[in-house]
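Take a look at the letters that make up each chain.
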Amino acid sequence: MTPTKLSTARARLLLDHPFFGVLALRLQFVEDTSIPTLAVDGKSIFYNPQFIDGLSNELCCSAIAHEVMHPVLDHM
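Residues numbered from 1 in each chain as written. Predicted model: local features only at pLDDT ≥ 70, side-chain atom pairs only at ≥ 80, totals over all residues. Heavy atoms only, no water.

(A) Quick peek at the pattern of salt bridges. One pass over the full model with this rule turns up one salt bridge. Across the pair Arg12 and Asp16 runs a salt bridge, and its minimum N-O distance is 3.3 Å. Here the residue Arg12 and the residue Asp16 both occupy positions in helix 1 (residues 2-16), the gap between them amounting to four residues, near one helical turn. You can call Arg12 partly exposed: its relative accessible area is 41%. The class of Asp16 is partly exposed, set by a relative accessible area of 41%. (Salt bridge = Lys/Arg side-chain N within 4 Å of Asp/Glu carboxyl O. Helix = DSSP H or I, 4+ residues; strand = E, 2+ residues; numbered from the N terminus. Buried < 20%, exposed > 50% of the residue type's maximum accessible area, 1.4 Å probe, protein only.)

Dropping the structure here:
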């Protein structure tokens with residue numbers, strides 16, 4: 001369910017908030033159970049599937065938009 005939830009959230013961002021959606025398309029989703037929530041390295045968004053499954057669809061979109069802004073603002 002998690003990859004589908006992430007893809008759906010990214011698609012929702014493209015439709016509702018194209019700025020964030022286009023930026024999110026440049027980052028690959030990578031499962032990583034060693035982190036508690038989400039992380040980004042400028043090329044990938046790493047996610048803990050248990051964390052993503054616990055988010056509502058709206059919060060999942062917000063979390064992706066949040067992670068997208070780290071490379072944009074050079075917070076690497």
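Moving on from the coordinates now.
(B) View of the sheet that holds strand 2 (residues 38-40). Strand order in this open sheet of three strands is 1-3-2, and the pairing throughout is mixed. The outermost strands of the open sheet, each flanked by one partner alone, are strand 1 (28-31) and strand 2. For this sheet, the mean angle separating the axes of adjacent strands, direction not counted, is 25°. Where strand 2 meets strand 3 (residues 44-47), three bridges bridge the pair, whose relative direction is antiparallel. Note that in strand 3 the partner of Val40 across the bridge is Ile45. Here helix 4 (residues 57-72) sits on the sheet in contact with strand 1, strand 2 and strand 3, set at roughly 25° to strand 2. (Pairing = 2+ DSSP bridges. Axes fitted to C-alpha atoms, helices over the stretch in contact; angles between N-to-C directions. Contact = heavy atoms within 4.5 Å.)

(C) Quick peek at the packing of helix 2 (residues 18-25) against helix 4. Between helix 2 and helix 4, the least distance of the axes is 9 Å, while the angle of their chain directions is 70°. Here helix 4 runs roughly perpendicular to helix 2, going by the angle between their axes. Contacts from Phe19, Phe20, Leu23 and Ala24 of helix 2 reach helix 4 at Ile64, Ala65, Val68, Met69 and Val72. Of the residues in the contact of helix 2 with helix 4, the class split is nine nonpolar, no polar and no charged. (Parallel < 35°, antiparallel > 145°, perpendicular 65-115°, else oblique. Nonpolar A, V, L, I, M, F, W, Y, C, P; charged D, E, K, R; others polar.)

(D) Layout of the pairing of strand 3. One ladder, built from four bridges, connects strand 1 with strand 3; its direction is parallel. Counterpart to Phe29 in the pairing with strand 3 is Ile45. Hairpin connection from strand 2 to strand 3: three residues lie between these consecutive antiparallel strands, with Gly42 at a positive phi of about 95°.

(E) Structural view of helix 4. Spanning 16 residues, helix 4 covers 23 Å between terminal C-alpha atoms, matching the ideal 22 Å at 1.5 Å per step. Along helix 4, the residues that are buried comprise Cys60, Cys61, Ala63, Ile64, Ala65, Glu67 and Val68. Buried-residue contacts for helix 4 involve helix 1, helix 2, strand 1, strand 2, strand 3 and helix 3 (49-53). One or two steps after helix 4, the chain reaches Asp74, where phi turns positive at roughly 60°. (Expected span 1.5 Å × (residues − 1).)

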